[in-house]
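# Fold and contact review
Each chain, written out:
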Amino acid sequence: MGSEMCIRDRERLVQNKDAVIRVFVNLYSDLITEAEVVISLNADNFEGTKKFKIKKEYTRKEIKEGKDSANFLHFKPEEIDDEIAVKAFVNSQGDIKENDFYFKNNELIKLYPPAGWQKFTRFGNGWTIVFIPLKIGRWREKVDMNEFMKIAEKNAEFIRGVFPIDPEKTKLLSNQLQKIIQSENSTSEQRANAYFELGNISFRDGEYRKAIAHYDNAKSESLTEEISNAIDYQKAISLFRLGDYVSAIEAGNLALTHKQSPDVELQLYYILGQSELKMDRLDEAEKSFNAVLTKVNEIGNVDPEIIANSYLYLGYILSKTEREEDSLDKYLKTVENASKDSTKAEAYLRMAKIYEKQGKEDKVIDTYNRLLEIGELGEEIKAEALYRRGYTYQNSDSSKALEDFRSLTGEYSDSKAETVRTIVGDAELRLLNLYAKDENIDEGIEAGERALKYVMKKDDKILMMQVQYQLASLYQEKAKLVQQGKQSQSYVNKAFELYTTIYEEFERQQTEDKKTLASKSLFQAGQLAYQSGNFNLAIQPLETFVKQFPEDKKSLIANEYLAWSYFNNGEELSRSNEKIDYYAKASIQFEKLASNYPEEIHAPEWWYQAAQSANSAKDISRSIAMYRKLTAAYPSHELADDAMYAIGSALTDKKDYNSAIDEYEKLIGNYPESDYIDDATYSVGTCYDELNNHPKAVETYNIVMQNYPESPLAAYSQANIGHYYFCLLYTSDAADELDGV
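Residues numbered from 1 in each chain as written. Predicted model: local features only at pLDDT ≥ 70, side-chain atom pairs only at ≥ 80, totals over all residues. Heavy atoms only, no water.

### Some remarks on the overall build of the protein
When helices and strands are counted, the protein shows 33 helices and seven strands. Taken across its 741 residues, the protein has 49% of its residues classed as buried. Restricting the contact set of the protein to residue pairs at least 6 apart, pairs at least 24 apart contribute 55%. (Helix = DSSP H or I, 4+ residues; strand = E, 2+ residues; numbered from the N terminus. Buried < 20%, exposed > 50% of the residue type's maximum accessible area, 1.4 Å probe, protein only. Contact = heavy atoms within 4.5 Å.)

### Things to note about the packing of aromatic side chains
This model, assessed by the stated rule, comprises 27 aromatic pairs. Pairing Y387 with Y391 gives two aromatic rings, centres 6.3 Å apart and planes at 25°, and the pair type is stacked. With Y387 and Y391 both in helix 16 (residues 379-393) and four residues apart, the pair spans about one turn of that helix. Exposure remark for Y387: the relative accessible area of 13% places this residue in the buried category. Between Y530 and F535, the ring centres sit 5.6 Å apart and the planes meet at 65°, which makes this aromatic pair edge-to-face. For the pair shown, Y530 and F535 are each scored as buried. Members of the aromatic cluster, connected to one another through ring pairs, are Y503, F506, F523, Y530, F535, F545, F549 and Y561. Here K554 stacks its cationic end above the ring of F523, 5.7 Å away from the centre of that ring. Its guanidinium or amino end placed over the ring of Y582, K585 lies 5.4 Å from that ring's centre, counting from NZ or CZ. (Phe/Tyr/Trp six-rings, centres within 6.5 Å; stacked < 30°, edge-to-face > 60°. Lys NZ or Arg CZ within 6 Å of the ring centre and 35° of its normal.)

### Observations concerning the packing of helix 25 (residues 576-596) against helix 26 (residues 603-616)
It is the contact of helix 25 with helix 26, at a shortest axis distance of 8 Å, that shows an interaxial angle of 160°. Our classification of the angle between helix 25 and helix 26 gives roughly antiparallel. Between helix 25 and helix 26 the crossing geometry is left-handed. In this structure, helix 25 contributes Y583, A586, S587, F590, E591, L593, A594 and S595 to the contact, and helix 26 contributes A603, W606, W607, Q609, A610, S613, A614 and S616. (Axes fitted to C-alpha atoms, helices over the stretch in contact; angles between N-to-C directions. Parallel < 35°, antiparallel > 145°, perpendicular 65-115°, else oblique. Left-handed = near helix turned anticlockwise from the far one by under 90°.)

### Brief notes about the environment of E418
With respect to the element layout, E418 can be found in helix 18 (residues 418-437). C-alpha separation for the pair E418 and E380, spaced 38 residues apart in sequence, amounts to 9.4 Å.

### Considerations on the side chain of S275
Its location among the elements puts S275 in helix 10 (residues 262-278). Here S275 falls in the buried class, since its relative accessible area comes to 0%.

### Focus: helix 24 (residues 555-572)
Because an α-helix packs 3.6 residues into every turn, residues spaced three or four apart end up facing the same way. Helix length check: helix 24 (18 residues) gives 25 Å between terminal C-alpha atoms against 26 Å at 1.5 Å per residue, within 8%. For helix 24, the buried fraction is high: 13 of the 18 residues fall into the buried class. (Expected span 1.5 Å × (residues − 1).)

### Some points on the pattern of salt bridges
Under the definition given, this model contains 29 salt bridges. Its salt-bridge partner being R508, residue E505 comes within 3.0 Å of it at the nearest N-O pair. Linking E505 with R508, this pair stays in helix 21 (residues 485-508), spanning three residues, or about one helical turn. By relative accessible area, which is 6% here, E505 ends up buried. A salt bridge links K696 to E699; its shortest N-O distance comes to 3.7 Å. On the criterion of helical spacing, the pair formed by K696 and E699 is a turn pair, its members being three residues apart in helix 31 (residues 694-707). One network of salt bridges, in which partners are shared, links E265, K295 and E298. (Salt bridge = Lys/Arg side-chain N within 4 Å of Asp/Glu carboxyl O.)

### Focus on the nonpolar core
Formed by 95 residues in total, the largest nonpolar core has its most connected members in V455, V467 and F590. At ten residues, the largest contribution of residues to this core is made by helix 20 (residues 461-482). Sequence-distant contacts of V467, that is, excluding residues within four places in its chain, are made with L429, L432, G448, A451, L452 and V455. Core analysis: the next-biggest nonpolar cluster, separate from the first, contains 30 residues, A194, I201, A218 and A236 among them. (Core = buried A, V, L, I, M, F, W, Y, C linked by side-chain atoms within 4.5 Å.)

### Re the packing of helix 6 (residues 188-204) against helix 7 (residues 208-219)
Interaxial distance between helix 6 and helix 7 falls to 8 Å at its minimum, and their mutual angle equals 170°. As the angle between them shows, helix 6 and helix 7 are arranged roughly antiparallel. The hand of the helix 6/helix 7 crossing is left-handed. Taken together, the residues of helix 7 that come into contact with helix 6 (itself represented by A192, Y195, F196, L198, G199, N200, S202 and F203) are Y208, K210, A211, H214, Y215, N217 and A218. Residue composition of the contact of helix 6 with helix 7, by class: nine nonpolar, five polar and one charged. (Nonpolar A, V, L, I, M, F, W, Y, C, P; charged D, E, K, R; others polar.)

### Focus on unusual backbone geometry
A positive phi angle is found at D280, which is not glycine, with a value near 60°. Here D280 falls in the exposed class, since its relative accessible area comes to 54%. We note that N692 has phi near 60°; this positive angle belongs to a residue other than glycine. Along the chain, N692 turns up in the loop between helix 30 (677-690) and helix 31.

### Some remarks on the confidence of the model for the protein
In this model, the protein carries an average pLDDT of 76, and 75% of its residues clear a pLDDT of 70 or more. With pLDDT under 50 throughout, residues 1-145 is counted as low confidence; its partners more than four residues away or in other chains account for 314 contacts. Contacts for the low-pLDDT stretch residues 155-164, under 50 throughout, to residues beyond four places or in other chains number 29 contacts. (pLDDT = per-residue confidence, 0-100.)

### What to know about the environment of N433
Note that N433 resides in helix 18. With 34 residues separating them along the chain, N433 and V467 place their C-alpha atoms 9.3 Å apart.

### Points about the side chain of S288
Mapped onto the secondary structure, S288 falls in helix 11 (residues 282-299). On the basis of relative accessibility, which here comes to 7%, the residue S288 falls in the buried class. Excluding residues within four positions of it along the chain, S288 makes contact with Y269, L272, G273 and E276.

Given below as structure tokens:
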């Protein structure tokens, strides 16, 4: 690095006894690799010459160690080559040239109060930071150079980020370097240096493949050991940034075989560790990061983020190799050393996940609390922390879980980051579950509708079906609360649509993981329509359910819903042919129920309803057969006498009077306490009348009158007897009977 200075304003400099401190920043490297030089000027220095050079250049290490810090500011002027010069600026009142930038540096003023301004100006391949103290006298006091170097490095980072190198000047420099390479008069060393500088330019521009090519060309020429070592280091960085981790490891290890400064060794181990981690070489990565931390102890003043990240990586390696307690210790050290909130947050997040794995709920929550107390958090890590803390709270404190999920969805619902949108969507799902569990239907519906929008964008059909099912269930519950009217029907319709949509998705791809949810949804659709009195709507999902899922435990009730839906739909229809069709279906469905589930308590009722439905379908023979099934299988059931009486009535309608009489007499004999006993006895008499066996009919009517005098049928029996006598012209007997009526 050139250490010479060309004085632009000698008189002012001498008069004010000002001084400058210059730190050269190479923009083509990640570090301040050049020696830092401190220059002090006083009136005696300028007598007889305007050009001078420094007696000694102090290395970075020497400055950090504070060697000769009280005396190294005295230099003896000497004549030097005019081509090498550094501009010196007296103070902020001097002429401001193009590409010069002045800033007041409060941090520097705290360290050294006489300092006032700092200036950035281009020089060579980088920028020069010029610190301008106001009075030379006190500068001879001892200065804490460690603190000064921290400020210098911060400014170096600032310059790289804010002041990009002028492309035109870079192009001009590149052309000059190419001319050196192509010149026949250039020595091998000059060509090597030119290739090296071209490599640095490409490196700075992020063209790492070009940089590597230039470095390799430089290696083919005569190199100084210092540049050769620098090339090995730069190549390792370039390969790492290209993602060629295998080659980066090879280059890094090669660089470490040569003599390097402790700073560069630290950087190489750091790159090696990251590359080895990318290649899942955990044992090697662990050694490299431990080497970084060893170098930290040797050097002393190291970027705290390198230290923190090394602990962070070690924590990850240890957790992957089941050394969880050691991993937790490394993460704690990460937090202790990190200067960036994002690094601390990452360490806390990983600690919390270990505690989650260990089932230590209190520690999980405490760690997330610490993480969320950090001032500046990226939205991704804050969103994940809120989600995972809420997830942890679910089992122990649902109110706090709700608070975290609400906070997350409220703060990040409009995030443009895909990972955050995913977390927000998952939080909506959790809210849906919690609201449903707490029977908070209205908020559950709102969360469910948001969650549904989220899952519709994901290629996860199972998750979509689950959300649809839960939301449909909430709509169903809301319909029950509203109870009646258009609003209730609106929720019924929404729930029904979601339930059927779930089954339709199953139909498109019938996989086992969808089957359970599809069957539940199809059943719910049918049940919902049935219970809301929409029997016609209930039929299709119920028909599909009993056909597709005959082994399902809900198959029984689905079959019963379907049978009653057929019957009730028949009751509601006005067209006789449609009514008959649904009654017939109902009869068949009730028969299936009774046949398939004979042990069920409702089996006799199903036989009875099968007969009734057949009768409504005007299928008398089938009706009689169904009634006989009931009486044969369940003679002690309360509907047995009803069925027997119905058989007699049906036979009577068919004008099979003898069979009807037999059926009525069975009822009279088997069920003497039946409510139908008087009807059956009277019906026997009417059947005898139809058979023109009037004496037998009169005998039966007399039994009715004698045994059931309070029955309305006693009067009918007496009237029938009177009518019989009248027809026989037994007028006096007829009159007596009719008078009795």
